[in-house]
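Report on the structure
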Amino acid sequence: TDIGKLLSATLCLPLRYTQELADLVHTKTRGNPFFIIQFLKTIIQNQMLQYSVSHRRWMWDCDVIDMQMISDGVAELLTTRFNQLPLHLMKTVIIASCFGSQVEDSTIDLMEPFNMQGALQLAIREGIMEKAGPIYQFTHDLIRQAVYESVPVNERKAFHKTIGMVLLASAADDSATHLLAVEQINFYCQDVSILCPEECAQFAGINATAAKFAIAASSFEQARSYIDAGMRLLKPNHWDEQYSLSLELHQMSASISCINGDIGDMSSCLHEIIAHVKSFEDSLTASSLLSKLLAASSKYDEAMSNILSILSALGEKFPEDITLPHVLNELSVIQTTCANISVEQVKRLLPMKDKPKLNAMKFLSMLCSYSIQAKPMLVPILSCRMVRITIEYGFCDDSIVGLVTAGFSLFSFTDDIQLGYRIGKVGESFIEESPNRHALWSRLCFELDSNLKAMVEPMQSAVGNCPDRYNSAMLTGDIDSAMMSLLAHCIGSLHIGTELTSLSKSFVACIKQSTKYQQETVLYLAMSAFGACIFLSGGNGIGEVEVKSYQELNQIGERKKHLHLLYQNFFNEMYCYFWVGDYMKVFELSKKHKPTGQKRILEVTRTFFEGIASLTLARHTHQPNWRRIGEEALGKMIKWEKISSWNFEQHVKLLQAELHYLNGHMNSAEVAYKASIAAAREHKFTHYVALASELYGRFCVENLMSEKGAAQLQVAIDEYKQWGAMKKVRDVKAFMDTVNPSSIPRRLSGKI
């Protein structure tokens, strides 16, 4: 051909080498000389045709060049020829255009009544379409647009409806085909006035089914479009004539609004449901979503009251006033019942079939989550009830929540931490086997990862699970659990010594996301912990997001009766005072927030902080009360070290060093300081390496070992820098500036 000869002469290659390329250029340009020059320039510019020095010739890949879209001019040329095509070919490409710029081979196979395969091959030869692997696509967007718009609007809608119905007939339970069919039908449904009542009802139903498929695939925005389409097709008196479909669509609408953080839409949708439900059972989904809405706004009293009234109707009643003896009595039953619990025992339980009990378990699980924030004493009572229902009525997914929360309750209120951990691990073993594993992982992040596992397993590993829990929650649309997992990762990272600059970015992201999704609880808790991060880092993150003061956060906690927020505020304030060595302030705060009998992983850290502070104050003031507090703290830490030496060995060694120093056993103190530094370094707690090095350095300075002390203080500075705690770097440097090697005054205040 002329193009072949042109390429052969231009590229200095035999004709047989350029023939395939020539055929391709002809297809892309329809042989027009102007378009040939344009096309060759384009593929050279895109380095699809280039000279190879090593091969000493021009090189190209026809498969790659075949993907190059034809020019606008060629597209216009082909468009003018469209009306001259055979009728069957025209109909085939019109149908293809209804799918967009491309359509998969498997979809064409489903369109069997139209017999499209042969016509598509002709469309390829005509240059209108091309095939890349399993995909047919138009050679240019202009061609697809011209083909699509060549059909009058009403006929075009009829094409979409016909295509949709053909696909729907082939869909069966195949979600992808069903969604493809609904996309086509919804083009037809854009003008509701052209639909008959039967079509409206049918198409509303298939949109509801499509929404369920989309939610199952975590395509929440897509689900929203199907729900909205379905609701537009409902009859004016749909609550009377289409009750089940109306209830289903409105429940899904409220759920998607919850996922998207659209609280206004969620609220109005829930009130619509509650105003029209015909039975108690039909109201349960709306009631659970209403409780979520209240809890997201930190209205825990209202959320819990709502759930308790539902549980009462389901036959599960609870006392209003719960005391610690009551809690311990309930937990003693669990200790006896689950003393030898095993995975095999739980597997022998039959599936729970009783519908009221299944509903009760669902609401008990929700109530456990909210009680952790607002009424911790209720958590053991609820979890014990869930275990008893499981034993009596059988196993369900919420039984896993019951087991893990019962383990968490034993950890929180008794000394039987190992049994609590073992029960939690039995529950965990069923999560991965559950079809709802993503929802369960994220739902139990606080109880399992942030407490039970963080207490027994290496804390870094437990905290490292939280991003996966966040991803699981987002995958299932559980925004509450996603935000709590994100928060757990931020707070946990603060306490394992994660570098503070990068951690500040995580806190900022958490605050922004909780604001976006209107999750007040997470927002205030994140602000509380971020305040400590900002304080120690010397200001990282200030200005990027609003961070309220502890005074403001305490006012919010008291107004909303948010016990967990009040505890976090206390702890984070105490955390700041501890790290700057203002030990009297540590105890002033502790007096205002006495231990409640409930133990969490932060309570362990509190014990350690109070132990260090009290032993230092005992040394400076010689008051026996401080010694007693320090010795009690050491005793507790020794017990916890037996549970996890990785997490707590450095704490014990440092408390022992301070006690030896108080007792005047200087050699033993020095050995213990070194052991604490070594343990913290081995267990990868940078901040505790820094703390132990600082206290060892001060010990040396105060006991006239100034050179050794200065060296240890420099180690502390380096470790604090690695942690990103620039406030501590400045404080230790300021102390070093006061050091006089010949005369070291002892520091007699309660502030180091």
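Definitions and cut-offs
Position labels on residues start from 1 in each chain and follow its written sequence. Local features are withheld for residues below a pLDDT of 70 in this predicted model, meaning they are given only at 70 or higher, and side-chain atom pairs are given and counted only at 80 or more; totals for whole chains, interfaces and linings count all residues. Only hydrogens and water are removed before side-chain values are computed, so all heavy atoms of the structure are retained for them. Being paired, for any two strands, means DSSP has found at least two bridges between them. Segments assigned H or I by DSSP are reported as helices when at least four residues long, segments assigned E as strands when at least two residues long, and all are numbered from the N terminus. Side-chain atoms within 4.5 Å are what join buried Ala, Val, Leu, Ile, Met, Phe, Trp, Tyr and Cys residues into a set we call a nonpolar core. Throughout this description, buried means an accessible area under 20% of the type-specific maximum (1.4 Å probe, protein chains only), exposed means over 50%, and partly exposed covers the range between. By definition in these notes, contact holds between two residues if any of their heavy atoms fall within 4.5 Å. In this description, a line fitted to the C-alpha atoms serves as the axis of each element, helices being fitted only across the stretch in contact, and the angle between N-to-C directions of two axes falls anywhere from 0 to 180 degrees. Salt bridges are counted wherever a side-chain nitrogen of Lys or Arg sits within 4 Å of a carboxyl oxygen of Asp or Glu. Comment on the angle field: the value is read as roughly parallel under 35 degrees, roughly antiparallel over 145, roughly perpendicular from 65 to 115, and oblique elsewhere. Summarising the geometry, the arc corresponds to the directions from the helix axis toward the C-beta atoms. The predictor's confidence in any single residue is recorded as pLDDT, a number from 0 to 100. Two N or O atoms count as a polar contact when they lie within 3.5 Å, although within protein this holds only if one can serve as hydrogen donor and the other as acceptor, and sequence-adjacent residues are included solely when both atoms are side-chain atoms. Counting rule for disulfides: a pair of cysteine sulfur atoms within 2.5 Å. Crossings are sorted by hand: turned counterclockwise from the far helix by less than a right angle, the near helix makes the crossing left-handed, and turned clockwise it makes it right-handed. When residue character is reported, Ala, Val, Leu, Ile, Met, Phe, Trp, Tyr, Cys and Pro are called nonpolar, Asp, Glu, Lys and Arg charged, and the others, Gly included, polar.

Turning our attention to the pairing of strand 5 (residues 135-138). The pairing of strand 3 (residues 102-104) with strand 5 spans three bridges and is antiparallel. Note on strand 5: the bridge partner recorded for Glu104 is Ile135. Counting the residues that bridge the hairpin from strand 4 (residues 129-132) to strand 5 gives two residues, and of these Gly133 lies at a positive phi of roughly 65°.

Counting 219 residues, the largest nonpolar core has Trp579 and Tyr720 as its most contacted members. For this core, the element with the most residues is helix 31 (residues 520-537), which contributes twelve residues. Apart from residues lying up to four places away in sequence, Tyr720 is in contact with Trp579, Ala690, Leu691, Glu694, Ala725, Lys728, Val729 and Val732. Ala22, Leu40, Trp60 and Cys62 belong to the second largest nonpolar core, which has 14 residues in total.

Below, the discussion takes up the sheet that holds strand 4. Strand order in the open sheet formed by three strands is 3-5-4, with antiparallel pairing between adjacent strands. Unpaired on one side and paired on the other, strand 3 and strand 4 mark the two borders of the sheet. Strand-to-strand twist of the sheet, defined as the mean angle between neighbouring strand axes without regard to direction, takes the value 25°. Strand contacts of helix 8 (residues 117-125): strand 4 and strand 5, with the helix running at about 105° to strand 4, the strand carrying the most contacts.

Under the criterion given, the structure shown has 30 salt bridges. Among the ionic pairs, Lys212 bridges to Glu248, the shortest N-O distance being 2.7 Å. Of this pair, Lys212 sits in helix 12 (residues 197-216) while Glu248 sits in helix 15 (residues 243-260), and the two are 36 residues apart along the sequence. Linking Glu316 and Lys357 is a salt bridge whose minimum nitrogen-to-oxygen distance equals 2.5 Å. Here Glu316, found in the loop between helix 18 (300-313) and helix 19 (324-337), pairs with Lys357, found in helix 21 (residues 355-374); they are 41 residues apart in sequence, far enough to count as distant. According to the relative accessible area criterion, Glu316 is buried, its value standing at 5%. For Lys357, a relative accessible area of 12% translates into the label buried.

Time to look at the packing of helix 31 against helix 33 (residues 563-579). Closest axis-to-axis distance for the helix 31/helix 33 pair is 9 Å, and the angle between their directions is 5°. When the interaxial angle is binned, helix 31 and helix 33 end up roughly parallel. On helix 33, the residues touching Tyr524, Leu525, Ser528, Ala529, Ala532, Phe535 and Leu536 of helix 31 are His564, Leu565, Gln568, Asn569, Asn572, Tyr575, Cys576 and Trp579.

Along helix 32 (residues 550-559), the residues classified as buried are Tyr550, Leu553, Ile556 and Gly557. Buried residues of helix 32 fall within an arc of 120° about the axis and therefore sit on the same side. Seen from the open side of helix 32, the exposed residues pointing more than 90 degrees away from its buried face are Gln551, Glu558 and Arg559. In the segment just after helix 32, Lys561 is the residue with positive phi, at about 55°.

For His160, the position within the fold is in helix 10 (residues 153-171). Excluding residues that lie within four positions of it along the chain, His160 makes contacts with Cys98, Tyr148, Gln184, Ile185, Phe187 and Tyr188.

Moving on: the confidence of the model for the protein chain. In regions of low pLDDT, the predicted coordinates are not meant to be interpreted in detail. Confidence in the prediction of the protein chain, expressed as mean pLDDT, is 89, and 93% of residues score 70 or more. This model gives residues 742-752 a pLDDT under 50, and the stretch forms 32 contacts once residues within four places in sequence are excluded.

Right, let's talk about the side chain of Arg443 for a bit. Structurally, Arg443 can be placed in helix 25 (residues 437-443). Exposure remark for Arg443: the relative accessible area of 14% places this residue in the buried category. Within the structure, Arg443 has its side chain in polar contact with the backbone oxygen of Ser365 (distance 2.8 Å). Setting aside its immediate chain neighbours within four residues, Arg443 contacts Ser365, Cys368, Ser369, Val401 and Ser481.

What follows is about the state of the cysteines. In total, this model carries zero disulfides according to the counting rule given. Looking at the unpaired Cys576, the closest cysteine sulfur is the one in Cys533, lying at 9.8 Å.

Further remarks concern the environment of Asn647. On the secondary structure map, Asn647 appears in helix 37 (residues 645-663). It is 9.5 Å that separates the C-alpha atoms of Asn647 and Ala679, two residues lying 32 residues apart in sequence. Once you skip the residues sitting within four places of it in the chain, Asn647 turns out to touch Ala454, Met455, Val456, Glu457, Pro458, Met459 and Phe685.

Relative to strand 2 (residues 57-60), strand 1 (residues 49-52) runs antiparallel, the two being bridged by four bridges. Across the sheet, Leu49 pairs through a bridge with Trp60, a residue of strand 2. The turn linking strand 1 back onto strand 2 is made up of four residues, and Arg56 within it adopts a positive phi angle of 55°.

At their nearest, the axes of helix 33 and helix 35 (residues 601-621) sit 11 Å apart, and the two run at 35° to each other. Note that helix 33 runs across helix 35; the crossing there is left-handed. Mapping the contact onto sequence places Tyr567, Gln568, Phe570, Phe571, Met574, Tyr575, Phe578 and Trp579 in helix 33 and Leu602, Glu603, Thr605, Arg606, Phe609 and Ile612 in helix 35. Partitioning the contact of helix 33 with helix 35 into residue classes produces ten nonpolar, two polar and two charged.

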